[in-house]
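Architecture at a glance
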Amino acid sequence: MTAWTVMLRGIRYRAGRSFVVFLLAVTATTAAVLAPAYSRAAQQSVLTDGLSAASTDATGLTVGAKGTADSAAFKDLAEIRLAMNAVLTKDQLLADRLDLPVAAIDTEVAFGDVGAKLAYRDNACYHLKIDGDCPDNPGEIAVSRRTATARDLKVGDHLTVRMGPATGGHDKTFTIRGIYTPTDGDAAYWGRTSYFSAAAGGEGERADALFSMTEDDLRLERTATLATRLEYPLRADRVRLDDVAGLRDGIQTLGDRLRGEELEVTTTLPAVLRDIDTDRASIGRTAPVIAVPLLLLCWFVLFLLVASLTDERAPEIALAKLRGYPSGRAARFGLGEVLLLTVAAVPVGIVAGLLLVQGAAGALLADGVRVEVRWPVFAAAGIALAAGLAAAVLAGRQTLARPVLGLLRRVPERGGWRAGVADGVVVALAAASLAAAVNDRGSPLALLAPPLLAVVLGVAAARLLGLWSHARLRIARRRGRIVPLLSAAQLSRRPGGQRLVVVVTVAVALLTFAATAWDAAAQARRDTADDTVGAQRVLTVAADHPSALEAAVDKADPGGHAMAVVRASQRFDNAPIELLGVQSARLAGVAVWRGHSAAEVGDLAARLHPNVAAPLRIGKDLAAEISVDALPAKPALRVAAIVAAPGQPPRTVALGGLVKGTKTYRATLNGCADGCRLVGLAIGRAAGGSDPFTVSVAVRGLQSDGGPLVPGFDLAGRWQARHSGGGAQVSVRAGAALGVDVSGSDPADAVVEHVDTPDALPAVLAGGAPTDDATAAAFKLPGFSDQPQPFTVAAHAAGLPRAGRRGVLFDLDYATRMAERGASLADNATLRYEVWASAAAPADLDRRLAAAGVQVLRTETIDGQLSQLARRAPALGLWLYLLAGGAAILLAIGVVLLTAYVGVRARLYELAALRVAGVRAGQLRRAVFREYRALLGLPLVVGLAAGLVGAMVMLPGIPLVTVGVASPVALRLGMGALPVAVAVIVVGLFAAVLMVLRLMGRATPERLRDGAQ
């Protein structure tokens, strides 16, 4: 009979125990494979997500030139394409990861007082909705519907544009063949060029791009400056980790080679890759640190495994030595089965680890990420195998070196000085890691603090259990209680009991720490998503002006589940301040404002919108009944109305020259067909000058479109004089008629304004006040206009939704009215328009807004933000923590079963003898259950405490959401990973105890026949 036959028969004879050994070895190899395989997949996921989340124009590559006729900008696009293809044939990696290019040419032109781009773009007509025909022939263009409406243009008209510089260019005439509307102005196809940027009013008025499908049309004027280019989108799904370095080098080489062709390569892809590298590097640092405690636990388990099995076979090894086996053969006889099972477990463990990572990739990582079978996987498995074999040799060395009589003894060996030295080393390492954690919680040594703390507490728990068992044994002996006596005797004499306590404590602590960290990170991600997005759904839109956005939102969602928001940014003390104008009446039902209930938000909203007069809305005409008792001889005076159309600056409309007596003064209002706002009335000189004058008038009534207005002349403070820098004195008297007294020599008009805004705009302030006194209750800051506007602090907040810890929140309607007293909002390019929507908002809100004239550019959701954050490096690292914790619990359960199977024949023999001696079967079951309750209950409690303490110590310094940024730890009670982990631990250990009880149920008196053990 060969040694192989003996080992195989031994494995078959001890099938149950051998299966447990095999599973433990498989788990150890799987744990070793997890770190490199998962780390690689997670890094690929971060790369894929980062490239996909970046805009196409940020990751794409542009090749071209800009200049006049003496530059490469006037080259045919075909020539540029040929030059690019010639270079790409030498760099297949870069060529395979670039998509088909979009060719584009554009130049600045002007018609009338309007500036615009004349543009050519490949297949542009397929991305435009055109009424008429696509301008395929030379001399033909398509104009936007917005431009056509503003300039009264139609298909077939001729449009003359100035090409080239204003002083040296020439006029060219084109025929309008189509009127277009962009189907999606924010689509990746349009790249980073702004084609649809029409702005009305003021200087520098611009129109949307004029499109021509003929390249040569743009080269008609040789003095014109052309931007000619090929735009290559990046195929993000094709970029793998191994491609990153090649892409960087390829882009650099591409730029160097094309420079000789006078072509420039423009891309921000290297910068995007640098940002992604931060997350990738974090995963690369975190994975090994997470893997070390698990691998150490695996090796310790293997050590226990071999030590227990070798000790169990001590009598067989003694017999082998008595029969003349040399030490080498006796060692192979004692260790052969375990070593064979350990080696056989390696390929199974590799496959199991790869399958586990593949499952995690499909559930957690970016689409298309697959597990990669690379050399680090096999290296990790090899290291695990080598360490396992070394642990096996070291574990069996003490037993194999004992003499024959020592091997035949059944009294367990007492712990020696080596155990005390090992405990001291662990305590020293734990102290060092805790000291490192005090200084830097993110250091690798500090990250080992939780598992090392668990080991220390596990050793302490094991020693405590041993002392408690000896004490309970003496008490049970004195009292003669069978069940406590049997359980305490077994606990005090078990050689591997203390080691089992350490294993279970560490495993429970690892999973508890991982689950606690995951719950804290999940809450931090939720808080970050809430703060970042601000509402369940946020649509970034393009609107003509704030009032147009409010009207569109009211039309699209009359139920009040969506809210118009206008944002702007200002700076104070070299720090940014975010301004948010909101529809305060809808704020409570729409905004997600962390730390504030709906009732609290409603109270804040009410403070933002104190009761003031409604604006005076006027239509196509205005009439004012005014009485004048006396007029100066000179100068001639006139009365005027100050009128503001939505989004437009206020303008002065003359009502007529003042005459004595009572008269109705009238004016037709152009541009007010859709309604204007009466800002105030003005009294001044009809022909200018600075002659002093004094006059008193009484405004008795106002009318518009044949109907009377309700101006509130009888309400004190409803009309107020506008303060000017001149020397004019203006006073206002409330009453049935509004009395206005003017005296002085100020050449400017004396203005009396209708007060339809608060004196200062109430605001919720996050951060210090933007003034010299950070605690001031009032301050001035440009809101939606260039001029400072007065604000008063209605409330303070730690942070504002979507604005962070430094911002000002105020009522949009009041802010718009205040800004429109002196500025145009339609051409304010600094304003950003958004629509915030709650979960109850219409699902087709984007289409409704489009129908109301508001273009939706981008949509963000809290769920979408959460999904992105869940695939950032901190979250992916925590998933590895959870996987490691789960593997540790499996190891612990396996060790529990292993300790039951090792020496089970002798244990069953003892129990059978006790039954024959008169101990009832129920007492034996209770004794075994009590034994395992102490053996597993104490490490369960200690492990849970160690995991929670480790989490509380480490989490405040660990990035939970963003790499390099430690998030505040907020654990809230509820269903999460921690309750599930505790349930899994308890159920797993309880199931192991049930299996042990079932195994011990085989202790029947029949086992005593012939002394069989």
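Nothing here was measured: the structure is a model prediction, and the numbers come from that model.

Analysis parameters
- Residues take numbers from 1 onward in each chain, read along the sequence in its written order.
- In keeping with the model being predicted, local features are shown solely for residues with a pLDDT of at least 70 and side-chain atom pairs are shown and tallied solely at 80 or more, while totals for entire chains, interfaces and linings include all residues.
- To obtain the side-chain values, all non-hydrogen atoms of the structure were used and water was disregarded.
- Only DSSP runs of H or I reaching four residues or more are called helices, and only runs of E reaching two or more are called strands; each is numbered from the N terminus.
- Here's how the labels work: a residue is buried when its accessible area is under 20% of the maximum for its type, exposed when over 50%, partly exposed in between, all with a 1.4 Å probe on protein chains only.
- By the convention used here, residues are in contact when the closest approach between their heavy atoms is within 4.5 Å.
- Values of accessible area rely on a 1.4 Å probe in the Shrake-Rupley scheme; residue burial ignores everything except the protein chains shown.
- For Phe, Tyr and Trp, where Trp contributes only its six-membered ring, two rings pair if their centres lie within 6.5 Å, and the inter-plane angle classes them as stacked under 30 degrees, edge-to-face over 60, or tilted in between.
- Charge-over-ring placement is defined geometrically: NZ (Lys) or CZ (Arg) within 6 Å of the ring centre, and within 35 degrees of the ring normal.
- Only strands that DSSP links by at least two bridges are regarded as paired with each other.
- The axes are straight lines fitted to the C-alpha atoms, using for helices just the contacting stretch, and the angles between their N-to-C directions are given from 0 to 180°.
- The cut-offs work like this: below 35 degrees is roughly parallel, past 145 is roughly antiparallel, 65 to 115 is roughly perpendicular, and the gaps in between are oblique.
- The hand of a helix crossing depends on one turn: near helix anticlockwise from the far one by less than a right angle means left-handed, and clockwise means right-handed.
- What counts as a disulfide here is a pair of cysteine sulfur atoms lying within 2.5 Å.
- Here, a salt bridge means any Lys or Arg side-chain nitrogen found within 4 Å of an Asp or Glu carboxyl oxygen.
- Only buried residues count toward a nonpolar core. Its members are Ala, Val, Leu, Ile, Met, Phe, Trp, Tyr and Cys residues joined through side-chain atoms within 4.5 Å.
- Throughout this description, a polar contact denotes any pair of N or O atoms lying within 3.5 Å of each other; where both atoms belong to protein, one of them has to be capable of donating a hydrogen while the other can accept it, and for residues adjacent in sequence the pair is counted only when both atoms sit in side chains.
- The span you would expect from a helix comes to 1.5 Å times its residue count less one.
- Three classes are used: nonpolar for Ala, Val, Leu, Ile, Met, Phe, Trp, Tyr, Cys and Pro, charged for Asp, Glu, Lys and Arg, and polar for all others, with Gly counted as polar.
- Read the arc as the range of directions from the helix axis to the C-beta atoms.
- Neither His nor the chain ends is counted toward charge; the positive residues are Lys and Arg and the negative residues Asp and Glu.
- Exposure above 30% relative accessible area and no salt bridge define the residues that can form patches, which grow by joining like charges within 9 Å and nonpolar side chains of Val, Leu, Ile, Met, Phe, Trp and Tyr within 5 Å.
- By convention, the point assigned to a charge is CZ for Arg, NZ for Lys, CD for Glu and CG for Asp.
- Confidence of the predictor in every single residue is expressed as pLDDT, which spans 0 to 100.

The next subject is the overall build of the chain. Helix and strand counts for the chain come out as 27 helices and 33 strands. Out of the 1013 residues belonging to the chain, those deemed buried represent 50%. Considering only intrachain contacts with a sequence separation of at least 6, the fraction spanning at least 24 residues in the chain is 79%. Approximately 45,300 Å² of the chain is accessible, and the part contributed by carbon and sulfur atoms is 56%.

Let's shift gears to the packing of aromatic side chains. What the rule picks out here adds up to 15 aromatic pairs. One aromatic cluster is present, formed by Tyr 180, Tyr 189, Trp 190, Tyr 195, Phe 196 and Phe 211 through successive ring pairs. Against the face of Tyr 189 rests Arg 121, its NZ or CZ located 5.0 Å from the ring centre. A cation over a ring is seen here: Arg 525 above Trp 518, with NZ or CZ 4.5 Å from the ring centre.

Here we have nine strands laid out as an open sheet, ordered β27-β28-β26-β29-β13-β12-β30-β11-β31, and mixed in their pairing. At either end of the open sheet lies a strand with only one pairing partner, and these are β27 (778–782) and β31 (855–861). Pairs of neighbouring strands in the sheet enclose a mean axial angle of 35°, with direction left out of account. Pairing between strand β26 (residues 761–766) and strand β29 (residues 807–811): four bridges, direction antiparallel. Across the sheet, residue Ala 763 finds its bridge partner in β29, namely Phe 810.

Quick look at the packing of helix α26 (residues 921–954) against helix α27 (residues 977–1000) now. The contact between α26 and α27 brings their axes to 10 Å, and the two run at 160°. Judged by the angle between their axes, α26 and α27 are roughly antiparallel. As for the relative orientation of α26 and α27, their crossing is right-handed in sense. Contact residues: Arg 925, Val 928, Phe 929, Tyr 932, Leu 936, Leu 940, Leu 944 and Leu 948 in α26; Leu 978, Val 982, Ile 985, Val 986, Leu 989, Phe 990, Val 993, Val 996, Leu 997 and Met 1000 in α27.

Below, the discussion takes up the state of the cysteines. Tallied over the entire structure, the rule returns two disulfides. At a sulfur-sulfur separation of 1.8 Å, the disulfide partner of Cys 125 is Cys 134. A torsion of 75° about the S-S bond marks the disulfide between Cys 125 and Cys 134 as right-handed. Overall, Cys 125 belongs to the buried group, its relative accessible area being 18%. Relative accessible area serves as the criterion here: at 22%, Cys 134 is assigned to the partly exposed category.

Between side chains of opposite charge, a pair can form when the charged atoms approach closely. One pass over the full model with this rule turns up 46 salt bridges. The partner of Arg 821 in a salt bridge is Asp 756, with the nearest N and O atoms 2.8 Å apart. Of the two residues, Arg 821 sits in the loop between α21 (812–819) and β30 (832–837) while Asp 756 sits in the loop between β25 (750–754) and β26, which places them 65 residues apart along the sequence. No difference in accessibility class separates Arg 821 from Asp 756, as the two residues are buried. In this structure, the salt-bridge partner of Glu 860 is Arg 858, at a minimum N-O distance of 3.2 Å. Taken together, the salt bridges that share partners define one network made up of Arg 567, Glu 578, Arg 802, Arg 832, Glu 834, Arg 858 and Glu 860.

Turning next to the nonpolar core. Ranked by size, the top nonpolar core spans 100 residues in total, and within it Leu 587, Trp 593, Val 764, Leu 809, Trp 836 and Tyr 932 carry the most contacts. It is helix α17 (residues 497–533) that contributes the most residues to this core, 21 residues altogether. In this structure, Ala 72, Phe 111, Leu 230 and Leu 234 belong to the second largest nonpolar core, which totals 84 residues.

Within a regular strand, side chains alternate between the sheet's two faces. Counted residue by residue, β30 has five buried out of six residues, so it is predominantly covered. Across five bridges, strand β11 (residues 537–542) lies against β30 in antiparallel orientation. Counted as the bridge partner of Thr 540 is Glu 834 from β30. Relative to β30, strand β12 (residues 562–572) runs antiparallel, the two sharing six bridges. Bridged to Val 566 within β30 is Tyr 833.

What follows concerns unusual backbone geometry. Here the phi dihedral of Asn 574 falls at roughly 65°; this positive angle occurs in a residue that is not glycine. As for its position among the elements, Asn 574 is in the loop between β12 and β13 (575–582). On the basis of relative accessible area, Asn 574 is assigned to the exposed category, the value being 68%.

With that out of the way, let us pick up the side chain of Thr 267. Along the chain, the position of Thr 267 falls in the loop between β10 (264–266) and α8 (269–312). At 2.7 Å, the side chain of Thr 267 forms a polar contact with the backbone oxygen of Gly 60. A polar contact of 3.0 Å, which involves the side chain of Thr 267, links it to the backbone nitrogen of Leu 269. Apart from residues no more than four positions distant in its own chain, Thr 267 is found in contact with Ala 58, Thr 59, Gly 60, Leu 61 and Ile 251.

Topologically, Arg 192 is positioned in the loop between β7 (170–182) and β8 (210–211). What makes Arg 192 partly exposed here is its relative accessible area of 42%. Linking Arg 192 and Gly 60, residues 132 residues apart in sequence, is a C-alpha distance of 9.8 Å.

Turning to α27, a few remarks are in order. Counted at 1.5 Å a residue, the expected span for α27 with its 24 residues is 34 Å, and the 34 Å between its end C-alpha atoms agrees. Three or more residues of α27 are buried, namely Ala 977, Ala 981, Ile 985, Gly 988, Leu 989, Ala 992, Val 993, Val 996, Leu 997, Leu 999 and Met 1000.

The next subject is the packing of helix α18 (residues 546–556) against α21. Close contact between α18 and α21 brings their axes to 10 Å; oriented N to C, the two are set at 150°. Taken together, the axes of α18 and α21 lie roughly antiparallel to each other. Crossing hand, α18 versus α21: left-handed. Taken together, the residues of α21 that come into contact with α18 (itself represented by Pro 546, Ser 547 and Glu 550) are Leu 812, Asp 813 and Thr 816. Broken down by class, the residue content of the contact of α18 with α21 amounts to two nonpolar, two polar and two charged.

Those residues of α18 not exposed but buried are Pro 546, Leu 549, Glu 550, Ala 552, Val 553 and Ala 556. Around the axis of α18, the buried residues are gathered within 165° of arc, so they sit on the same side. Those residues of α18 that are buried are in contact with β11, β12, α19 (584–590), α21, β30 and α22 (845–851).

All right, on to the side chain of Asp 519 then. Looking at the element boundaries, Asp 519 is found in helix α17. Buried within the structure, Asp 519 lacks any salt-bridge partner; its nearest side chain of opposite charge belongs to Arg 525, at an N-O separation of 8.1 Å. Separated by 2.8 Å, the side chain of Asp 519 and the backbone nitrogen of Leu 978 make a polar contact.

For Asp 122, the location among the structural elements is in the loop between β3 (114–121) and β4 (128–132). Looking at Asp 122, the relative accessible area reads 16%, which means it is buried. The residues contacting Asp 122, other than those within four sequence positions of it, are Arg 81, Val 102, Ala 103 and Tyr 189.

Residues Arg 474, Arg 477, Arg 478, Arg 479 and Arg 481 make up a contiguous surface patch of positive charge. You can see Arg 477 is positioned in helix α15 (residues 449–479). With relative accessibility at 57%, the residue Arg 477 sits in the exposed group.

Residues Phe 929, Phe 990 and Leu 994 make up a contiguous nonpolar surface patch of roughly 280 Å² in combined accessible area. Tracing the sequence through the fold places Phe 929 in helix α26.

For the chain, the mean per-residue pLDDT works out to 81, and 82% of the residues sit at or above 70. Counting contacts from residues 200–204, a segment whose pLDDT is below 50, to residues more than four positions away or on other chains yields five contacts. Note that pLDDT drops below 50 for residues 415–422; the model gives that stretch one contact with residues more than four away or on any other chain.

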